[in-house]
Amino acid sequence: MRRLAAGLLSLSLSACASLPGQMNRELVRTYVLAVEVPVVQSLSPPSGPKVLVSLPEAWPAYGSPRIAYVKRPHEVNYYAYSEWADTPPRMLEPLLIRALESSGQFSGVLSASSSAVANLRLDTEIVSLHHEFYTNPSQGRAVIRAQLIDSATGRVLGTKTFHALTPAATEDPYGGVKAMSQSLRRVLDEIVAFCIGTARGAGALTP
């Protein structure tokens, strides 16, 4: 009986050690939002205002490292063995900073953790960031809401939502990630143009 009990215990422990979730964890692929931002060479330092980029927020479906995909409206699914290297909001913050810096229009672009004083604050929210299977080929969608605020007064200078869709080269997570990154690249360009135009309209940035 003792040998039988020991054998059953050994089988039980072996089964626990080989649970599907534990075994398949080795198969998980990790992705980043890869967006190339050109570097602008300036002969003189920019004289524009300083901008603080607050940590982006996200709608509930896009706040975790899980990579979302949709096949029909109102229903969000997640890839089982593919995930982001970090949450989309944390990956978006440095991309926004680099994009604004590359414009050469601002004397400083600060992160949310900075203690320096900025003239303007950029708040953003990820409304959508997913692989979309409504069409063939599928597409990567990026929708970001941006708001530029006067730091001294708290006045909202402008608010706008930016949309971009890019066809996916392949019908898999890798194709979706590439398409989402390309869509985000276009959105970043539009957000930078929005910040420059809004700051000029408010008199915070000279032409």
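What counts as what
Residues numbered from 1 in each chain as written. Predicted model: local features only at pLDDT ≥ 70, side-chain atom pairs only at ≥ 80, totals over all residues. Heavy atoms only, no water. Helix = DSSP H or I, 4+ residues; strand = E, 2+ residues; numbered from the N terminus. Expected span 1.5 Å × (residues − 1). Salt bridge = Lys/Arg side-chain N within 4 Å of Asp/Glu carboxyl O. Buried < 20%, exposed > 50% of the residue type's maximum accessible area, 1.4 Å probe, protein only. Core = buried A, V, L, I, M, F, W, Y, C linked by side-chain atoms within 4.5 Å. Contact = heavy atoms within 4.5 Å. Pairing = 2+ DSSP bridges. 1 Å grid on protein atoms, 1.4 Å probe; cavity = no way out; pocket = protein on both sides within 12 Å on 5 of 7 lines; lining within 4 Å. Points joined across faces, edges and corners; volume = space filled by probe spheres on them. Nonpolar A, V, L, I, M, F, W, Y, C, P; charged D, E, K, R; others polar. Phe/Tyr/Trp six-rings, centres within 6.5 Å; stacked < 30°, edge-to-face > 60°.

1. Quick word on helix α4 (residues 173-201)
- The end-to-end C-alpha distance of α4 is 41 Å, a good match for the 42 Å that 29 residues give at a rise of 1.5 Å each.
- One or two residues past the end of α4 sits glycine 203, with phi positive at roughly 80 degrees.

2. As for the pattern of salt bridges
- Inspection of the entire model under this criterion finds 5 salt bridges.
- With a closest N to O distance of 2.8 Å, arginine 90 and aspartate 86 form a salt bridge.
- Judged by its relative accessible area of 47%, arginine 90 falls in the partly exposed class.
- Classification of aspartate 86 as partly exposed rests on a relative accessible area of 27%.
- With its nearest N and O atoms 2.3 Å apart, the salt bridge here joins arginine 185 to aspartate 189. Of this pair, arginine 185 and aspartate 189 both sit in helix α4, 4 residues apart, which is roughly one turn of that helix.

3. Quick look at unusual backbone geometry
- Following asparagine 136, the chain continues into proline 137 via a peptide bond in cis, with omega recorded as 5 degrees.
- Secondary-structure assignment places proline 137 in the loop between β7 (120-132) and β8 (139-150).
- Phi angles above zero are rare outside glycine, and histidine 74 is one such case at about 75 degrees.
- In this fold, histidine 74 is placed in the loop between β4 (66-72) and β5 (75-84).

4. Observations concerning the nonpolar core
- In terms of nonpolar packing, the biggest core is built from 45 residues, with Trp84, Leu100, Leu122 and Ile191 touching the most fellow members.
- For this core, the secondary structure elements donating two or more residues are β2 (50-53), β4, β5, α3 (88-102), β7, β8, β9 (156-167) and α4.
- Contact partners of isoleucine 191, with chain neighbours within four places excluded, come to Leu96, Leu122, Ile144, Ala146 and Phe162.

5. Focus on the pairing of β4
- Here 4 bridges tie β4 to β5, and the two strands are oriented antiparallel to one another. Across the sheet, the residue bridging to tyrosine 69 is asparagine 77, located in β5.
- Where β4 folds back onto β5 in an antiparallel hairpin, the turn is made up of 2 residues, including histidine 74, whose phi is positive at roughly 75 degrees.
- Here β4 runs beside β7; their pairing, made up of 3 bridges, is parallel.

6. Brief notes about empty space enclosed by the protein
- This model, assessed by the stated rule, comprises 1 cavity of 30 Å³ or more.
- Taken as a whole, the largest cavity holds about 40 Å³ of empty space.
- Taken together, Ala61, Tyr62, Arg66, Ile67, Ala68, Trp84, Pro88 and Leu129 make up the lining of the largest cavity.
- With 3 residues, the single largest contributor to the lining of the largest cavity is β4.
- Classifying every residue of the lining of the largest cavity by side-chain character gives 7 nonpolar, no polar and 1 charged.

7. Focus: the environment of alanine 112
- When you line up the elements, alanine 112 lands in the loop between β6 (108-111) and β7.
- Apart from residues no more than four positions distant in its own chain, alanine 112 is found in contact with Leu52, Val53, Ser54, Leu55 and Glu93.

8. Details of the packing of aromatic side chains
- The final tally for this structure, using the stated rule, is 4 aromatic pairs.
- For the pair tyrosine 31 and tyrosine 174, a centre-to-centre distance of 6.3 Å together with 40 degrees between the ring planes defines the contact as tilted. With a gap of 143 residues between them, tyrosine 31 in strand β1 (residues 29-31) and tyrosine 174 in helix α4 connect regions that are remote in the sequence.
- For tyrosine 174, a relative accessible area of 46% translates into the label partly exposed.
- Residues tyrosine 69 and phenylalanine 133 carry aromatic rings whose centres are separated by 6.1 Å and whose planes lie at 90 degrees to one another, so their mutual orientation is edge-to-face.

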